[in-house]
Amino acid sequence: MTACTRSKVLSLYTRVFRVARTWQAQSGVKADTETERKYIKQEARTLFRQNQQLTDPEVIKTRIAECEARLDIGLHYSNPYPRATYLPPLGLATLKGRNLGVQQRLRKQAKPIYLQSHDET
Amino acid sequence: MAARVLQQCVRSFARPSLRLCTRNVAVRATATPAVFIHRPLSFAAESPRTRLFGQSRISVGVFCRQYGDLPPLTLETIKERVMYVLKLYDKINPEKLQTSSHFMKDLGLDSLDQVEIIMAMEDEFGFEIPDAEAEKLMTPEEIVQYIADKKDVYE
């Protein structure tokens with residue numbers, strides 16, 4: 001991890017926390033505002049720690065882009081939760097269980113940038 | 001912190017109103033001066049909140065201008081507040097914490113934790129610390145020095 005990526009990551013971390021400080025929920029309910037602020041902080045903490053030990057510069061770049069994407073999307077839609085996506089067509093195993101490799105590739109390809117840190121469940 | 005501000009405001013509000021009471025005693029020479037003489041003492045005995053409501057009935061104008069502000073910062077108070085906030089952080093062991101303990105070397109935190117600590121300091125003292133200067137603050141002593149520099153606290 002180079003010095004410039006390190007400072008970029010730390011400034012992203014501060015940016016997320018500053019956003020969480022003044023976050024207002026779209027619904028206007030105070031309980032929702034509190035929940036969403038806690039969620040933003042918790043999500044930032046877990047995801048940054050999960051990706052802390054990465055060394056490949058390409059992967060680091062995708063993770064930084066993921067953080068920025070989530071920040072932009074969250075601020076634009078006033079919704080901190082990640083946007084759900086559809087499965088790609090033919091992306092889940094058939095009844096007979098063949099073509100698993102193809103489906104995994106399809107799903108990996110269709111995964112949006114802001115969901116890269118999340119595993120498939 | 002909000003309780004301290006409220007106390008300060010009430011104290012500064014109640015002081016001229018006690019003056020008002022004694023002035024009323026001189027102006028109105030009524031048949032029951034004993035009640036008026038007792039009133040400042042009884043106001044002093046009551047809680048600050050009832051004192052506040054008691055004064056609103058007297059419709060004489062306020063004789064001095066009042067400004068609300070926080071109590072002035074000293075190096076001691078800054079240090080106390082910084083150590084208090086650090087003790088509240090769950091990844092720090094309060095026994096091991098001293099003014100000169102380095103976050104990374106002595107306390108075993110990493111840079112993400114240090115960012116969170118600086119955020120907590122920003123929330124406590126109410127002003128923003130830019131990133132370039134925030135990543136250099138590695139011990140509580142340095143944080144206290146930085147805040148004292150920014151807030152012009154000398155001793």
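Details of the structure are given in the entry above.
Residues numbered from 1 in each chain as written. Chains lettered and ligands numbered in written order. Predicted model: local features only at pLDDT ≥ 70, side-chain atom pairs only at ≥ 80, totals over all residues. Heavy atoms only, no water.

Caption draft 1: Up close: the nonpolar core. With 25 residues, the main nonpolar core has I78(B), V82(B), L86(B), I92(B), I117(B), M121(B) and I143(B) as its most contacted residues. Leaving out residues up to four positions away in the same chain, I92(B) has contacts with L86(B), L97(B), L107(B), L109(B) and I117(B). In terms of nonpolar packing, the next biggest core, distinct from the first, is built from 19 residues, L12(A), Y13(A), A20(A) and L112(B) among them. (Core = buried A, V, L, I, M, F, W, Y, C linked by side-chain atoms within 4.5 Å. Buried < 20%, exposed > 50% of the residue type's maximum accessible area, 1.4 Å probe, protein only. Contact = heavy atoms within 4.5 Å.)

Caption draft 2: Inspection of helix 4 (residues 75–88) of chain B at higher detail. All names here are of chain B. For helix 4, built from 14 residues, the straight-helix expectation of 20 Å at 1.5 Å per residue is met to within 8% by its first-to-last C-alpha distance of 20 Å. Restricting attention to buried positions, one finds in helix 4 the residues I78, R81, V82, M83, V85 and L86. In this structure, the buried side of helix 4 is in contact with helix 5 (111–125) and helix 7 (140–151). (Helix = DSSP H or I, 4+ residues; strand = E, 2+ residues; numbered from the N terminus. Expected span 1.5 Å × (residues − 1).)

Caption draft 3: Representation of the interface of chain A and chain B. With 12 residues of chain A at the contact, the number on the chain B side is 15 residues. Both faces considered, chain A and chain B share a buried interface measuring about 1300 Å² in area, 50% of it formed by carbon and sulfur atoms. A per-residue breakdown of the area chain A buries against chain B is headed by R18(A), R21(A) and R49(A), which together make up 40% of the total. Along the contact surface separating chain A from chain B lie eight salt bridges. As a salt-bridge pair, R21(A) and D123(B) come within 3.0 Å of each other at their nearest N and O atoms. For the pair chain A and chain B, the interface holds 10 residue pairs in polar contact (both at pLDDT 80 or more). (Buried area = accessible area lost by both parts, 1.4 Å probe. Salt bridge = Lys/Arg side-chain N within 4 Å of Asp/Glu carboxyl O. Polar contact = N/O pair within 3.5 Å; in protein donor to acceptor, adjacent residues only side chain to side chain.)

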